[in-house]
Amino acid sequence: MQQRSIGNDTVGRVSVGAIGLGAMPLSTKEDRPTRENAIGVVHAALDAGVTLIDTADAYSRDEAEFGHNESLVAEAVSSYGASDVLIATKGGHTREGTEWGLDGSPSYLRRACEASLRRLGVEAIGLYQFHRPDPSTPWEVSMAGLRSLFDDGLVRMVGISNASVPQIDSARAVLGEALVAVQNQFSPGYRSSAVEQAHCAEHGLTWLPWSPFGGVSAAGSLGAAAPAFAEVADELGVSVYRVTLAWHLAQSDVVLPIPGASRRESVQDSAAAADLELTDDQLTRLNSA
């Protein structure tokens, strides 16, 4: 699989496969796979050359199993024996029963990070991301909390998620070179964050598009919702999902999609997108669709 890098000269650069794995569906879906099958999905991703796995402490069905996804990913990577996998996790979301909440205070982020360290079984988290802005905590205060985690060696690199251009710039001012990635929603049907993607490319920040197919509920109808992508898929004899990921990669060298998956076959198809080349004509049609 082709490689892309995360990081910079100050914190170091990590080379990872151009397609990552979003592990959320392995824990949050009501019909999620068994633990054995979920681990098999992660192993299939590793077999296919995926070396970036995106998780979060809040990825679980409810509050009672908070941390489920992190523990699952850690077990899968450990049992595979992989030593070159970058596990990216997130903190700042809370769970109250089945409801999702927010806490971006530095004290909470530190507790969350320390708990993630224990679940992942590492001394420092490779990429730690602020999950979502907390309206009750000033953005700069949350960023300062992340900076302290970096300064204290608990995390090697920092990312932010669901951030606007002003928030990205504010994070750059507080975090400096510790900030290496931004994870926002982006897909054929959701392109309003294109301005943030371009801003990341300008400043050398890795862009991790979440829900690259449009989300769990929309992924099944991607071909109907994005007919231009289905047309190109027919021309190439591949799935519309593979075309979509190749389109993501073609946007910029900083783009690194993290499609979710709960089946081995889905992982293998997504990974193959790293080696799919689209023609200039096909890209023009997809970009204007």
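Here, every reference points to the structure presented above.
Thresholds applied
Residues numbered from 1 in each chain as written. Predicted model: local features only at pLDDT ≥ 70, side-chain atom pairs only at ≥ 80, totals over all residues. Heavy atoms only, no water. Helix = DSSP H or I, 4+ residues; strand = E, 2+ residues; numbered from the N terminus. Rg over C-alpha atoms; globule rule 2.2 N^0.38 Å. Buried < 20%, exposed > 50% of the residue type's maximum accessible area, 1.4 Å probe, protein only. Contact = heavy atoms within 4.5 Å. Areas by Shrake-Rupley, 256 points an atom, 1.4 Å probe, with all protein chains shown as cover. Lys, Arg positive; Asp, Glu negative; His and termini not counted. Charge placed at Lys NZ, Arg CZ, Asp CG, Glu CD. Phe/Tyr/Trp six-rings, centres within 6.5 Å; stacked < 30°, edge-to-face > 60°. Pairing = 2+ DSSP bridges. Axes fitted to C-alpha atoms, helices over the stretch in contact; angles between N-to-C directions.

Peer 1: Please provide a residue-by-residue account of the overall build of the protein chain, values included.
Peer 2: The helix and strand inventory of the protein chain stands at 13 helices and eleven strands. On C-alpha atoms alone, the protein chain measures out to a radius of gyration of 18 Å, which is about the 19 Å that the 2.2 N^0.38 rule sets for 289 residues. Per-residue burial for the protein chain yields a buried fraction of 53% across its 289 residues. In the protein chain, once contacts between residues fewer than 6 apart in sequence are set aside, the share between residues at least 24 apart is 73%. As displayed, the protein chain has an accessible area near 11800 Å², and 48% of this comes from carbon and sulfur atoms. For the protein chain, the distance from the average position of its 21 positive side-chain charges to the average position of its 36 negative side-chain charges is 3 Å.

Peer 1: Report on the packing of aromatic side chains, specifying residues and quantitative values.
Peer 2: Across all of its chains, the model carries five aromatic pairs by this definition. Between F130 and W139, the ring centres sit 5.7 Å apart and the planes meet at 55°, which makes this aromatic pair tilted. Summarising the aromatic geometry, the rings of F229 and W247 are spaced 5.2 Å apart at their centres and angled 90° between planes, so their arrangement reads as edge-to-face. Here the residue F229 occupies a position in helix 10 (residues 227–236), and W247 occupies one in helix 11 (residues 240–251), the gap between them amounting to 18 residues.

Peer 1: Give a description of the sheet that holds strand 10 (residues 179–183) that names residues and reports values.
Peer 2: Note on sheets: strands pair through backbone hydrogen bonds, and any given pair is parallel or antiparallel. Ordered by their spatial adjacency, seven strands build an open sheet running 3-4-5-8-9-10-11, and the pairing between neighbours is parallel. For this open sheet the edge positions go to strand 3 (21–22) and strand 11 (206–207), each flanked by a neighbour on one side alone. Sheet topology note: the strand 5 (residues 86–91)/strand 8 (residues 127–130) ladder contains four bridges and is parallel. Directly across from K90, in strand 8, lies its bridge partner Q129. Against the sheet, helix 5 (residues 139–151) makes contact with strand 8 and strand 9 (158–161), and its axis sits at roughly 165° relative to strand 8, the strand it touches most.

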